[in-house]
Amino acid sequence: MMAIKKTWNATVLVAGSAQGEALILAEPLSLWGGLDPHTGEITDRRHPQSGLLVGNKVLLLPSGRGSSSASSILLEAVKAGTAPAAIVTAEADGILALGAVVAQEIYGHGPAVLVLPEPDYSALCQAATGIVTLKDGVITV
Amino acid sequence: MLTLTSKDQAMLAGAHGPAVQMAMRILSTMANVYGAEQLIDITSAHIDSCLYHGPGGLDFAQKLVDGGAKVVVKTTLNVGAIDLVHPEHFQGTPEQAAQARKQMDLYQEMGCEPIWTCAPYQTTQRPALGEQIVWAESNAIVFANSVLGARSNRYGDFIDICAAITGRAPDVGLHQTANRRGQLVFDLHQISAKLLQTDVLYPVLGYLIGAKSGNKIPVIDGLPKTATEDQLKALGAATASSGAVGLFHAVGITPEAPTLEAALQHQPAEEHITVTLEDLYTMRSHLSTVPDGPISVIALGSPHFSLQEFEQLMPLLRATPPTIEFIICTHRFALKALRERGWLKELKQMGVSVVVDTCVVVTPIIRANAGTLMTNSGKFAHYTPGNTGFPVIFGSLEECVQSAAKGAVWRDPTLWTTVAE
């Protein structure tokens, strides 16, 4: 039986298509000091999802947080092959977008970065229990 | 919708070589992300990208150098991961040291001035009122905006050097007058004149203001006009540690804020917050992560220690020399003066490590294996636990020196006892 697909139109900050399992973060995350780019593990021990791996996931997070060095950590994660396949935030985050733009410049690939404002962001989080597909700014679950 | 000038378009088309082309491509993509309608000329840049985070950052810098990148405005470098004058301070592996050094070399090859300091404003890099600049390093940004009156957004890795190579920046945020309006007023009238002249107040007050401001622009009403640049430096660094502050208005000090009304651009404040002594006590306690007790290392100089701060420190150290590891992070300008005055030799004899070009929270320098770190810096206090693994105790400069002599925290009982007259 075909499941009914749901789609959302998001704003594209950094273009790209991706498909992957959703990883929905309950709280904002600063990648600098919060993500180990060697392993892709969330290492912020105050974060409720500390210990999970972001590699190749479609990462849904309300917003980035903190240091501008987050763009460097995202680039290092792309270099190490531990980066998420795509990042969807509810609020535009220039620092994450910058890391992805630079990764695409240097390595020819990097996560797509999309913004899906509320209330759509929450609706996506509710629906995104399995594989999420992103293409041309359209998010499908 | 972003409109590029013909000069911008020529850069984007590759007329100035592949590095400029890549830099303009990144810059214009980000200008679209930020919703900028145009790019503007800048007069100065301060680069944080020279700090080694991993091989990716090295690939980026190498690609720029290979593409012929040269900076086109006065550009200075923030700290790297190695003290190039005293490389023996580095406690990481030789491979890490080589990579970190390579990254520092690449940014020099692009024509950046190797001042290696997070306090460029204590050197020759002092942009004037109204200058449009692209600075990275959060404390430097706050100082440039709030004390010098120059205009920078909160820039960081990659975009800083892209701006320096193209001489351009997205015309958004703090580059525009209307976005520099003060929003939250922090009223200091309940704080005594004596406390307002005490150095230790400034990082604590900054930590409080940053935590309550988030990304709003605070206005501080009631700071004495005699506040020193070192006090304002400590305040700004702390606001940018606990909050996303890029600009504060200190009424009567910030060039754009001769009056409270001017700071608010003659509009009502969004919120009026009266700072109490209790608020400051709470913030002071947040700056320490463990109770007073034994300590194993002192770290001073975030932002980098100025010569004036060394002038305060020397008599204190002579009176009570340290018995534990004691590190001061500073820049080469202060180091030169220390050498000329004979103070460097004196500090060495007392067992004090003077570190330049870098600092203890961005690279492994501390030799102690365990224990607690004590500092008078709000910024060190904020970043030490996460970046070094050491628990931290915050205190005044004199408390740090006395504690270093005893190997355990000593408190000045007169320091915070003052009440409003």
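This one's a predicted model, so the numbers in the text were calculated from it and none came from an experiment. (Residues numbered from 1 in each chain as written. Chains lettered and ligands numbered in written order. Predicted model: local features only at pLDDT ≥ 70, side-chain atom pairs only at ≥ 80, totals over all residues. Heavy atoms only, no water.)

**Section: the overall build of chain A**
Along chain A, the regular secondary structure elements total three helices and 10 strands. Start at the N end of chain A and walk to the C end: the helices and strands fall as β-β-β-β-β-β-α-β-α-β-α-β-β. Here the C-alpha atoms of chain A give a radius of gyration of 14 Å, agreeing with the 14 Å that 2.2 N^0.38 yields for 141 residues. The C-alpha extent of chain A, read off along each of the three principal axes, is 40 × 35 × 25 Å. Put simply, chain A has 141 residues, and 55% of those count as buried. When contacts within chain A are restricted to residue pairs at least 6 apart in sequence, long-range pairs at least 24 apart make up 76% of them. Surface exposure of chain A reaches about 6200 Å², of which carbon and sulfur atoms provide 52%. Charge-centre separation for chain A: the mean point of 8 positive side chains lies 5 Å from the mean point of 12 negative side chains. (Helix = DSSP H or I, 4+ residues; strand = E, 2+ residues; numbered from the N terminus. Rg over C-alpha atoms; globule rule 2.2 N^0.38 Å. Buried < 20%, exposed > 50% of the residue type's maximum accessible area, 1.4 Å probe, protein only. Contact = heavy atoms within 4.5 Å. Areas by Shrake-Rupley, 256 points an atom, 1.4 Å probe, with all protein chains shown as cover. Lys, Arg positive; Asp, Glu negative; His and termini not counted. Charge placed at Lys NZ, Arg CZ, Asp CG, Glu CD.)

**Description of empty space enclosed by the protein**
Going through the model one piece at a time under the given rule, you end up with two cavities of 30 Å³ or more. Estimates place the volume of the largest cavity at around 60 Å³. Only α1 (70-80) of chain A together with α4 (94-109) of chain B provide two or more residues apiece to the lining of the largest cavity. Among the residues making up the lining of the largest cavity, the classes are represented as three nonpolar, six polar and three charged. In this model, the second largest cavity occupies a volume close to 30 Å³. (1 Å grid on protein atoms, 1.4 Å probe; cavity = no way out; pocket = protein on both sides within 12 Å on 5 of 7 lines; lining within 4 Å. Points joined across faces, edges and corners; volume = space filled by probe spheres on them. Nonpolar A, V, L, I, M, F, W, Y, C, P; charged D, E, K, R; others polar.)

**Description of the domain arrangement of chain B**
Residue and element names in this part refer to chain B. Structurally, chain B comprises domain 1 (6-178), domain 2 (181-285) and domain 3 (288-406). Summarising the inter-unit geometry, the C-alpha centres of domain 1 and domain 2 are found 28 Å apart. Taken residue by residue, the interface counts 19 residues in domain 1 and 19 residues in domain 2. For the pairing of domain 1 and domain 2, the buried interface totals around 1500 Å² over both sides, and the portion due to carbon and sulfur atoms is 57%. Ranking the residues of domain 1 by area buried against domain 2 places V142, S146 and R154 at the top, with a combined share of 32%. In this assembly, domain 1 and domain 2 are joined by two salt bridges. The closest approach of N and O atoms between E256 and R151, which form a salt bridge, is 4.0 Å. (Domains from an automatic or database assignment. Buried area = accessible area lost by both parts, 1.4 Å probe. Salt bridge = Lys/Arg side-chain N within 4 Å of Asp/Glu carboxyl O.)

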